[in-house]
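Listed here are the chains, written in short residue letters.
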Amino acid sequence: MAIERYDLNACIGCRNCINICPMDVYRFDETQNKSIIAYPENCQACGMCYYMCLGGSLQLSLHSHMFPIVPMSATHGIDANHFLNAAPNLTNIEERLGKTGEYASEPKDATPGDLKNSEPGGPGMQRGAGGPIGV
Amino acid sequence: MNVRRSRRDFLKDVTLGTSGVAAMGVLGAGQAAAAPGQSSVSVKSGERLTRELPVPDTYEADRPKQTEYSVDVLVIGGGYAGINAAYSAKQAGRNVMLVDKGRPGYSGQSPWPGTFNFFDPDLGDDAQAFREAMRYSAEYFGNLDWIDIWIRESKAMYERIKSWGFLDMYPRMVETKYFATRDYYGYRDNVVKDHERRPKFVEMLDKDGIPWLQHVMITNVILQDKECVGAIGFQFTTGAILTFHAKAVVMAMGNGCITPTGHPIGDNTFDGEYIAYNLGLPIGGKEFEDFHTHQSFAPGNNWIGSDARFFDPDFLCGGNMTIDSVRRAKQQCESSIQKSPTSPDGLKYIDTVTISHQVPTRGGNGSPNYGKNPKEVRMGKAISPYVQFDAPGAAVGMCLHLSSGVFCGMDDTDGTTGIPGLYVAGDGMHMTNPGGGNYAMGNGFTSCFVSIEGDHAGKSAAAYSSKASLTKISDENIAMARKEIELPANLDKGFSPNWARDVLQGVMAPYWVMKNKTEATLQAALTQVEYMRDHVAPRLLARNSHGLRLCHEMKHKIQSCELKLRAALARKESRGGNFYRDDYPRRNDAEFLKYIIQKKDENGKPALNFVPVKKEWTTAGIPVDYKL
């Protein structure tokens, strides 16, 4: 999982990303006034640049630098394709929890953003397909 | 900086240059670059540009105006410990400067606390009850002197942090309409607005007239005549090598972990521990593991399940700590650190294979408010409706909060290292060890506690610097440090630090090294790490200043893993969920109610010392009314 470009045209050159990033993922093009994702292999997917991006030019991707996929497949018997195509959306979790009844112990004050509000497959992890990343 | 360029590098630049021309063409033909400050951009579908411009090696706008600084107090690290050290030293009238490997507010662990805890007798907190809760959860070797300091000072620290605006309260994302569509920007612009705490770190520094530099990695703290005279490092965005002459230095450089993508504190790489160990300072508490847990279906992926939480306020929690609520906390402790009242020595046997396959639960999801006092402001919140805290181990190699770092002696209360002019503060840097072998006293403790540590260290450094005179770092020492910094950039051949990172992760991450430890598995891991220390670390290759940082971080991580494994091998007993030996599953107070301290000996090898905890911190002398 790493940051990736949603639309370079949307970058307004605010430099929040390059200032904020703790992993030195960014460089900057002074002539074009655009940020550059220079070292995505060092992205820790903390999401701070994405959240503070004033132009909305970034997105977080599960498809690039996807460290979680292999151990997930190995330890839980989940096909990586399942992860890539469907994303581990909330419905998956709900089903898993439902099997054991542990979901019933959810604290009451956690209900406003009820897991059940989420539909299968969405909100998608790609922007423009039902909202920004979030699973 | 002199960075030798290879033919391969040259070809890489040519390739990027070509694609850059194409990209610029699109930019030119499409919309013009928006003016800075414009906050909304309408994007028509089908017109997105997802290519990147050519990558320059440096970010020149970052370059500091000067490369040499002279100050009274240099603070290294801009997290909660560092900014409090800088603030307190500045309040004492000293000339202070702060350098951070990231940007203050966004580096290390400081962006991530979800809760903030303080002690308040006016709201019904019972100091003795809290002390006993800590004694129990700390496995009877927590440092109760520091607990007492926290009981006395945490409310004042809360008021300081609050005055900086770090503790503004606003609705959680899940309480707003923006959650249903995960509209982070809507939440940011309409709910969070200027309550966002992270940018306020630099606002506070600017307001108090404390100069600061970002993206600076300090690699060397310099001693001359056995006294600290400053530090040297480099800015990885520009390659600038920077020298800081200082009467006193506070190292607040954070903890560490070894992980590829997916955990938000990946820039914490034991830099301070590496420097301190090589200055001959004793390092303790390395064996205890911090399992910042994640979902087992997405190990190491902090964005799945915790994303909204990261943008919520830093909630106040704790509260109304009475003997009754402490008994409730004790029950929680039994689950979180695998204690068992029915077992002969109070510990459970742990089967990690079972743990790693458990269905996600909501354990630890809430920020506890143990009491039910209606006047209580520290209500805590369930920080996310997402499922959290399932399988342990995302932050591989991270030391338990507050347990590891420089051991400053049993009576230390200000991070004095024994080296005149050098102080330590904060998580992973200063072994204050209030939680002993566990971190089970509840949420919101670390951010407040390290702030107090920073405050103490800053005041002590200020007092020292008011009496000391400035000794400049010698040209010889500057030249030696520069040579060491630039070494990875001057090799012709070598290893990729990213490759080394993944190899080290592979060595350290398995549960038979991190969780269910055995003599054989620890020894096997140590053999690998020693090989990496001798044969990989010296050959890490940097192509530019970005890579240079990665090379030095890898060197630091390898040393830290060695200390961690040696400490784990030495502790032949178990202490609950944060330190468990399959081959010694029972506690052994007679031999191991001790801190394990490692110090570099005259041959350059780590020498082990066992320091018994104070008797009054153990089971002796507990008042009858407070026996749990």
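Residues numbered from 1 in each chain as written. Chains lettered and ligands numbered in written order. Predicted model: local features only at pLDDT ≥ 70, side-chain atom pairs only at ≥ 80, totals over all residues. Heavy atoms only, no water.

1. Here's the deal with the overall build of chain B
Reasoning step 1: When helices and strands are tallied, chain B shows 17 helices and 15 strands.
Reasoning step 2: Looking at chain B residue by residue over its 628 residues, the buried ones come to 64%.
Reasoning step 3: The long-range share in chain B, meaning contacts at least 24 apart out of those at least 6 apart in sequence, stands at 78%. (Helix = DSSP H or I, 4+ residues; strand = E, 2+ residues; numbered from the N terminus. Buried < 20%, exposed > 50% of the residue type's maximum accessible area, 1.4 Å probe, protein only. Contact = heavy atoms within 4.5 Å.)

2. Considerations on the overall build of chain A
Reasoning step 1: For chain A, the count of helices and strands is five helices and four strands.
Reasoning step 2: Put simply, chain A runs from its N terminus to its C terminus through helices and strands in the order β-α-β-β-α-β-α-α-α.
Reasoning step 3: Counting across all 135 residues of chain A, residues that qualify as buried make up 64%.
Reasoning step 4: Restricting to contacts in chain A with at least 6 residues of sequence separation, those with at least 24 account for 55%.

3. Quick word on the sheet that holds strand S14 (residues 594-600) of chain B
All names here are of chain B.
Reasoning step 1: Sheet architecture is open: four strands sit in the order S10-S8-S14-S15, paired in antiparallel fashion. In this open sheet, the two strands that pair with only one neighbour each are strand S10 (405-406) and strand S15 (606-612).
Reasoning step 2: One ladder, built from two bridges, connects strand S8 (residues 283-284) with S10; its direction is antiparallel. Following the sheet pairing, Gly 284 is matched in S10 by Gly 405.
Reasoning step 3: Each of S8, S10, S14 and S15 is contacted by helix H7 (residues 271-278), which is oriented at about 70° to S14, the strand it contacts most. (Pairing = 2+ DSSP bridges. Axes fitted to C-alpha atoms, helices over the stretch in contact; angles between N-to-C directions.)

4. Considering the nonpolar core
Reasoning step 1: Ranked by internal contacts, the top residues of the largest apolar core, which has 105 residues, are B:Phe130, B:Trp150, B:Val250, B:Leu504, B:Met508 and B:Tyr595.
Reasoning step 2: At nine residues, helix H4 (residues 144-163) of chain B tops the list of elements feeding residues into this core.
Reasoning step 3: Excluding residues that lie within four positions of it along the chain, B:Leu504 makes contacts with B:Ile258, B:Val529, B:Met532, B:Met554, B:Lys557, B:Ile558 and B:Cys561.
Reasoning step 4: With 42 residues, the next largest nonpolar core counts A:Ile3, A:Ile18, A:Cys49 and B:Tyr178 among its residues. (Core = buried A, V, L, I, M, F, W, Y, C linked by side-chain atoms within 4.5 Å.)

5. Some thoughts on helix H13 (residues 497-508) of chain B
Residue and element names in this part refer to chain B.
Reasoning step 1: With twelve residues, H13 ought to run about 16 Å at 1.5 Å a step, and its terminal C-alpha atoms sit 16 Å apart, in line with that.
Reasoning step 2: Of all the residues in H13, the buried ones are Pro 497, Asn 498, Ala 500, Arg 501, Leu 504, Gln 505, Val 507 and Met 508.
Reasoning step 3: Each element contacted by the buried residues of H13 is listed here: helix H14 (511-514), helix H15 (519-536) and helix H16 (545-570).
Reasoning step 4: Between a side-chain oxygen at the N-terminus of H13 and the backbone nitrogen of Asn 498 the separation is 3.1 Å; the capping residue is Ser 496. (Expected span 1.5 Å × (residues − 1). Polar contact = N/O pair within 3.5 Å; in protein donor to acceptor, adjacent residues only side chain to side chain.)

6. A look at the pairing of strand S7 (residues 241-251) of chain B
Residues and elements named next belong to chain B.
Reasoning step 1: The element S7 is largely enclosed, with a buried count of eleven among its eleven residues.
Reasoning step 2: Where strand S1 (residues 68-76) meets S7, eight bridges bridge the pair, whose relative direction is parallel. Following the sheet pairing, Leu 74 is matched in S7 by Val 249.
Reasoning step 3: In this sheet, S7 lies alongside strand S6 (residues 227-235) in antiparallel orientation, the contact comprising five bridges. Along S7, the bridge assignment pairs Gly 233 with Leu 242.
Reasoning step 4: Linking S6 back to S7 in an antiparallel pair, the connection comprises five residues, with Gly 239 at a positive phi of about 85°.

7. Here we look at the side chain of A:Arg27
Reasoning step 1: In this structure, A:Arg27 sits in strand S2 (residues 26-29).
Reasoning step 2: On the basis of relative accessibility, which here comes to 0%, the residue A:Arg27 falls in the buried class.
Reasoning step 3: At 3.4 Å, the side chain of A:Arg27 forms a polar contact with the backbone oxygen of B:Phe236.

8. Some details on the pairing of S14(B)
Residues and elements named next belong to chain B.
Reasoning step 1: With two bridges joining them, S8 and S14 adopt antiparallel strand pairing. Along S14, the bridge assignment pairs Gly 284 with Ile 597.
Reasoning step 2: Where S14 meets S15, seven bridges bridge the pair, whose relative direction is antiparallel. Looking at S15, one finds that Lys 599 is bridged to Ala 607.
Reasoning step 3: In this antiparallel pair of consecutive strands, S14 and S15, the connection spans five residues, and Gly 604 shows a positive phi of 85°.

9. Concerning helix H2 (residues 80-91) of chain B
Helical geometry: 3.6 residues make up each α-helical turn, so side chains three or four residues apart lie on a common side.
All names here are of chain B.
Reasoning step 1: The terminal C-alpha atoms of H2 lie 16 Å apart, and with twelve residues this matches the ideal 16 Å at 1.5 Å per residue to within 8%.
Reasoning step 2: Counting buried positions along H2 yields ten of twelve residues, so the element is predominantly enclosed.
Reasoning step 3: For H2, the set of buried residues is Tyr 80, Ala 81, Gly 82, Ile 83, Asn 84, Ala 85, Ala 86, Tyr 87, Ser 88 and Ala 89.
Reasoning step 4: Looking one or two residues past H2, Gly 93 carries a phi angle of roughly 90°, positive in sign.

10. Re unusual backbone geometry
Reasoning step 1: Positive phi, normally seen in glycine, also occurs at A:Asn33, with a value near 60°.
Reasoning step 2: Under the relative-accessibility criterion, A:Asn33 is labelled buried at 16%.
Reasoning step 3: With a phi angle near 60°, B:Phe270 is a residue other than glycine that sits in the positive phi range.
Reasoning step 4: Note that B:Phe270 resides in the loop between S7 and H7.

11. Here we look at the packing of H2(B) against helix H11 (residues 446-467) of chain B
All names here are of chain B.
Reasoning step 1: Close contact between H2 and H11 brings their axes to 7 Å; oriented N to C, the two are set at 35°. Where H2 crosses over H11, the handedness of that crossing is right-handed. Of the residues in H11, those touching H2 at Tyr 80, Ala 81, Asn 84, Ala 85, Ser 88 and Ala 89 are Ser 447, Val 450, Ser 451, Gly 454, Asp 455, Gly 458, Lys 459 and Ala 462. (Left-handed = near helix turned anticlockwise from the far one by under 90°.)

12. Considerations on the packing of aromatic side chains
All names here are of chain B.
Reasoning step 1: Scanning the model with the defined rule gives 29 aromatic pairs over all chains in all.
Reasoning step 2: Taken together, a centroid distance of 6.4 Å and an interplanar angle of 70° make the contact between Phe 119 and Trp 150 edge-to-face. Highlighted residues: Phe 119 in the loop between strand S3 (115-117) and helix H3 (127-137) and Trp 150 in helix H4, separated in sequence by 31 residues. Here the two residues Phe 119 and Trp 150 agree in accessibility, since each one is buried.
Reasoning step 3: With a centroid separation of 5.5 Å and an interplanar angle of 70°, the aromatic rings of Tyr 184 and Phe 311 are classed as edge-to-face. Taken together, the residues Tyr 184 in helix H5 (residues 184-192) and Phe 311 in the loop between helix H8 (303-306) and strand S9 (315-317) connect sequence positions 127 residues apart. Take Tyr 184 and Phe 311: they sit in the same class, and that class is buried.
Reasoning step 4: Taken together through their ring pairs, the aromatic side chains of Phe 119, Phe 130, Trp 146, Trp 150, Phe 445 and Phe 449 make up a single cluster.
Reasoning step 5: Directly above the aromatic system of Trp 112 lies the positively charged group of Arg 198, at a separation of 5.7 Å from the ring centroid.
Reasoning step 6: When the ring centre of Phe 236 is taken as reference, the NZ or CZ atom of Arg 549 above it lies at 4.5 Å. (Phe/Tyr/Trp six-rings, centres within 6.5 Å; stacked < 30°, edge-to-face > 60°. Lys NZ or Arg CZ within 6 Å of the ring centre and 35° of its normal.)

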